[in-house]
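# Fold and geometry: a report
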Amino acid sequence: MLDVRVKLKDGEQIDFEMQVEAFDCWVNRSVYYLSKMYAGEIKEGEGYDCLKKCIHVSILAYNHFSDDKECYRRIVFCDAKTGKEYTDIMEMHILELSKLPPEEKNETSLLQWMRFLGGKTRKDFEEMAKKNSELEEAYDVLDKLSADEKKRLEYETRQRAIRDYNIGMLTAERRGIENGRKIGIEEGRAEINQLILELSKLGRTEDITKAAADKEYQRKLLKEFGLH
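Figured I'd write up the structure that's included with this text. A quick note: this is a predicted structure, and the numbers were derived from the prediction, not measured.

Once that is clear, we can look at the pattern of salt bridges. Applying the stated criterion across every chain, the model contains 13 salt bridges. A salt bridge links Glu-91 to Lys-53; its shortest N-O distance comes to 3.1 Å. Taken as a pair, Glu-91 in strand β5 (residues 85–96) and Lys-53 in the loop between α1 (26–39) and β3 (54–60) lie far apart in primary sequence, 38 residues in all. In this structure, Glu-85 engages Arg-74 in a salt bridge whose closest nitrogen and oxygen atoms are separated by 3.2 Å. Linking Glu-85 in strand β5 with Arg-74 in strand β4 (residues 72–78), this pair joins segments that are 11 residues apart in sequence. The structure contains a network of salt bridges with shared partners spanning Lys-53, Arg-74, Glu-85, Asp-88 and Glu-91.

The following block contains the structure:
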């Protein structure tokens, strides 16, 4: 998935989104983000004249419109009866990369860009970069980003290994403390049970009751019977 928001020098804004797999609510989502981008331009006290054109570009790797073979369409507000355009203040461009027709000579810049965006291998990008200077520049940037990506992945791998080691050590430490606590409780119970038995043999029932209520007296009795 790709989500890039661009603001042009004249104030117009474009939101680029790429979706690889079918998204059930893509229409609702794209209209929502376009509307939010448009509505978010106006600040308290400003007039409607400050609103600039907003464009949403959907770059899709699947068939969104299944009833035709059009790979590109532009959507604006228009009269439902005549089809006459009302305004382009909010505009949507939908590119379906899966519907690209067989390559031809002298293709439009749009089709060339769509093929570039749909490239799957380095060879695809290299071939497309030969088509025009814009694609060549895009390929150079992509190539640099890919190199940086490798470095980023190497760094993240090292960081992940460090985090995994640290959490492993912390987990082992916590388990050790918990096990020690459990052993201590069990040993303590065994000492108390033995003390009760020893006091019972001697008929010292009052000491049993007192030891239950007074921890200090309990420790004294444990020491007396060599149980602590």
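Attention now goes to the packing of aromatic side chains. Summed over all chains, the structure comprises 3 aromatic pairs. Ring centres of Tyr-32 and Tyr-33 lie 5.3 Å apart, and the angle between their planes is 70 degrees; on these two criteria the pair is classed as edge-to-face. The exposure class assigned to Tyr-33 is partly exposed, which follows from its relative accessible area of 32%. Ring geometry for Phe-116 against Phe-125: centres 5.2 Å apart, planes inclined by 65 degrees, an arrangement best described as edge-to-face. Three or more aromatic residues link up through ring pairs in this structure, and these residues are Trp-113, Phe-116 and Phe-125. Directly above the aromatic system of Phe-65 lies the positively charged group of Arg-73, at a separation of 3.8 Å from the ring centroid.

Approximately 170 Å³ is the volume attributed to the second largest pocket. Surrounding the second largest pocket, Met-18, Ile-59, Leu-60, Ala-61, Leu-97, Ser-98, Leu-100, Leu-117, Gly-118 and Lys-120 form its lining. Broken down by class, the residue content of the lining of the second largest pocket amounts to 7 nonpolar, 2 polar and 1 charged.

What counts as what
Residues numbered from 1 in each chain as written. Predicted model: local features only at pLDDT ≥ 70, side-chain atom pairs only at ≥ 80, totals over all residues. Heavy atoms only, no water. Salt bridge = Lys/Arg side-chain N within 4 Å of Asp/Glu carboxyl O. Helix = DSSP H or I, 4+ residues; strand = E, 2+ residues; numbered from the N terminus. Phe/Tyr/Trp six-rings, centres within 6.5 Å; stacked < 30°, edge-to-face > 60°. Buried < 20%, exposed > 50% of the residue type's maximum accessible area, 1.4 Å probe, protein only. Lys NZ or Arg CZ within 6 Å of the ring centre and 35° of its normal. 1 Å grid on protein atoms, 1.4 Å probe; cavity = no way out; pocket = protein on both sides within 12 Å on 5 of 7 lines; lining within 4 Å. Points joined across faces, edges and corners; volume = space filled by probe spheres on them. Nonpolar A, V, L, I, M, F, W, Y, C, P; charged D, E, K, R; others polar.

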